[in-house]
Amino acid sequence: MPSAQTIDKLLLLGKTDVMHQVYKMIGRLCNVDCAVMMIGEPGSGKKTVARALHYYSHRSASPFHIIPGNEVRDSTQEELLGIDEDHPFDSSFYVPNWASLSLFAHQQLLTIHKAKRYKCSHANRERDHHFRFIVATDQDFRQELEDGKIPLDLYYDWNFLPLYVPPLRDHKEDIPIYAHHFLEKLAADQKISRKELSPEATEVLVAHDWPENLDELKKAMEFALSNCRGSYIRAEHLPNLKRQATGDGKAFEKLALFLNSKLTSYVQNSTSTAAGNLYRLLLPHLEQSLFQFTLKKSKGNKNKAAEILGLHRNTLNKKLQKLGL
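Residues numbered from 1 in each chain as written. Predicted model: local features only at pLDDT ≥ 70, side-chain atom pairs only at ≥ 80, totals over all residues. Heavy atoms only, no water.

Caption draft 1: Molecular detail of the pattern of salt bridges. According to the stated counting rule, one finds 10 salt bridges in the structure shown. The partner of glutamate 212 in a salt bridge is lysine 219, and the shortest N-O contact between them spans 3.9 Å. According to the relative accessible area criterion, glutamate 212 is partly exposed, its value standing at 41%. If you follow the salt bridges from partner to partner, you end up with Arg117, Glu126 and Asp128 in one network. (Salt bridge = Lys/Arg side-chain N within 4 Å of Asp/Glu carboxyl O. Buried < 20%, exposed > 50% of the residue type's maximum accessible area, 1.4 Å probe, protein only.)

In structure tokens:
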């Protein structure tokens with residue numbers, strides 16, 4: 001098992017259900033000899049999880065090596081791995097930019113992995129090993145496969161076990177924990193007094209979507225620490241963090257703007273809203289439009305429609321009957 005100091009360096013701090021799923025996967029995979037593919041956005045903590053796979057395994061006494069994928073040159077197997085012939089036979093090797101490897105490097109690493117041996121160029125012999133390979137890529141690596149930049153047979157020959165590392169926006173409840181950790185570490189490094197986050201600053205941090213994930217949060221804490229002269233970091237000490245709308249968020253923001261404009265127009269031009277029954281008047285119309293759209297999308301399949309809406313089938317049937325649909 002790793003030491004307390006090593007565990008602290010791993011930065012496994014999240015307390016949410018999302019992160020507990022990651023911890024469970026680390027427990028399941030740490031002592032499995034198969035190669036692992038870490039999938040996650042830049043800055044989401046893939047290297048941290050890769051280190052955890054190594055340090056919580058029976059390999060923890062041996063080195064954890066990083067092979068920088070975008071800097072690897074076509075070379076001998078020893079040079080590719082960055083080792084010599086006396087290297088421990090059960091080390092872990094982490095490739096952070098697996099998709100960016102040259103085809104030659106891809107083939108060399110796969111050969112080393114499958115043959116369970118590598119060439120010692122200086123001694124002119126081959127040596128058996130039990131190396132563990134952990135590679136990292138983002139969600140777009142499948143596009144690399146489709147474009148032919150990575151041969152499909154080469155990818156499938158690895159027989160990777162996948163491990164998904166979630167973006168920070170998927171476990172926002174952990175943001176204050178990470179922010180406090182970064183503040184403590186930065187204060188210790190700079191030999192200054194520890195700063196605390198005010199409630200308003202915490203609210204701003206949690207509202208942000210952090211497209212660059214933990215890397216961006218650390219930079220934000222560095223910025224805040226340099227601007228803060230008191231004991232508490234307030235909202236004005238933070239960089240300009242705007243809520244980032246991504247994916248479905250952008251679509252829902254546009255829908256909200258559209259509905260708001262239509263609602264404003266309706267209220268301004270309707271005399272029936274004065275009686276204070278706007279909710280009762282509008283809700284059936286909104287539900288009817290939503291249910292009609294969902295039934296159309298599910299091609300009349302009520303089970304599928306209920307699944308899309310997140311409703312029980314019986315609840316959906318009652319509402320459809322009430323609306324005459």
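Caption draft 2: Summary view of the nonpolar core. The biggest cluster of nonpolar side chains holds 39 residues, and the ones touching the most others in it are Met38, Leu53, Leu163, Leu205, Leu217 and Met221. Listing elements by their share of this core, those giving two or more residues are α2 (17-29), β1 (36-39), α3 (46-55), β6 (132-137), α8 (175-190), α9 (199-207) and α10 (213-227). When residues no more than four places from it in sequence are discounted, the contact partners of methionine 38 are Lys46, Val49, Ala50, Leu53, Tyr94, Ile134, Val135, Ala136, Thr137, Leu163 and Val165. By size, the runner-up hydrophobic cluster in this structure holds 27 residues, among which are Met37, Ile67, Phe93 and Tyr155. (Core = buried A, V, L, I, M, F, W, Y, C linked by side-chain atoms within 4.5 Å. Helix = DSSP H or I, 4+ residues; strand = E, 2+ residues; numbered from the N terminus. Contact = heavy atoms within 4.5 Å.)

Caption draft 3: Fine view of α2. In this model α2 runs 18 Å from its N-terminal to its C-terminal C-alpha over 13 residues, within 8% of the 18 Å that 1.5 Å per residue would give. All buried positions along α2 are accounted for by Met19, Val22, Ile26 and Leu29. What you see down the axis of α2 is that its buried residues fit within an arc of 90°, all on one side. Facing away from the buried surface of α2 by more than 90 degrees, the exposed residues are Asp17, Gly27 and Arg28. (Expected span 1.5 Å × (residues − 1). Arc of directions from axis to C-beta.)

Caption draft 4: Highlighting the packing of helix α13 (residues 302-309) against helix α14 (residues 313-323). For the pair α13 and α14, interaxial distance at closest approach is 9 Å and the crossing angle is 100°. Comparing the axis directions of α13 and α14 gives the class roughly perpendicular. Contacts between α13 and α14 involve Lys302, Asn303, Ala305, Ala306 and Leu309 on the former and, on the latter, Arg313, Leu316, Asn317 and Leu320. When grouped by side-chain class, the residues that make up the contact of α13 with α14 number 5 nonpolar, 2 polar and 2 charged. (Axes fitted to C-alpha atoms, helices over the stretch in contact; angles between N-to-C directions. Parallel < 35°, antiparallel > 145°, perpendicular 65-115°, else oblique. Nonpolar A, V, L, I, M, F, W, Y, C, P; charged D, E, K, R; others polar.)

Caption draft 5: Just the packing of α8 against α10, in detail. Orientation of α8 relative to α10, taken along the N-to-C sense of each, is 50°, at an axis distance of 9 Å. Between α8 and α10, the angle falls in the class oblique. With respect to the hand of their crossing, α8 and α10 are arranged in right-handed fashion. Where α8 abuts α10, its residues Ile175, Tyr178, Ala179, Phe182, Leu183, Leu186, Ala187 and Gln190 lie against Leu214, Leu217, Lys218, Met221, Glu222 and Leu225. (Left-handed = near helix turned anticlockwise from the far one by under 90°.)

Caption draft 6: The arrangement of the sheet that holds β6 in detail. With respect to topology, 5 strands assemble into an open sheet ordered β2-β3-β6-β1-β7, the strand pairing being parallel. Each having just a single partner strand, β2 (64-66) and β7 (161-164) make up the two edges of the open sheet. Taking each pair of neighbouring strands and ignoring which way they run, the sheet shows an average axis angle of 20°. Relative to strand β3 (residues 92-95), β2 runs parallel, the two being bridged by 3 bridges. When the sheet's bridge partners are listed, phenylalanine 64 is paired in β3 with serine 92. Running over the sheet, α2 touches β1, β6 and β7 and is turned about 155° from β7. (Pairing = 2+ DSSP bridges.)

Caption draft 7: How the structure looks around the environment of serine 298. Summarising the element assignment, serine 298 is placed in the loop between α12 (278-297) and α13. Sequence-wise, serine 298 and isoleucine 308 are 10 residues apart; in three dimensions their C-alpha atoms are separated by 8.4 Å. Those residues in contact with serine 298, other than ones at most four positions away along the chain, are Lys304, Ala305 and Ile308. In terms of polar contacts, serine 298 uses its side chain to reach the backbone carbonyl oxygen of leucine 295, at 3.3 Å. (Polar contact = N/O pair within 3.5 Å; in protein donor to acceptor, adjacent residues only side chain to side chain.)

Caption draft 8: Representation of α10 in the model. An ideal rise of 1.5 Å per residue puts 21 Å on 15 residues; α10 measures up with 22 Å between its terminal C-alpha atoms. All of the buried residues along α10 are Asn213, Leu214, Glu216, Leu217, Ala220, Met221, Ala224 and Leu225. Buried residues belonging to α10 abut α8, α9 and β9 (232-233).

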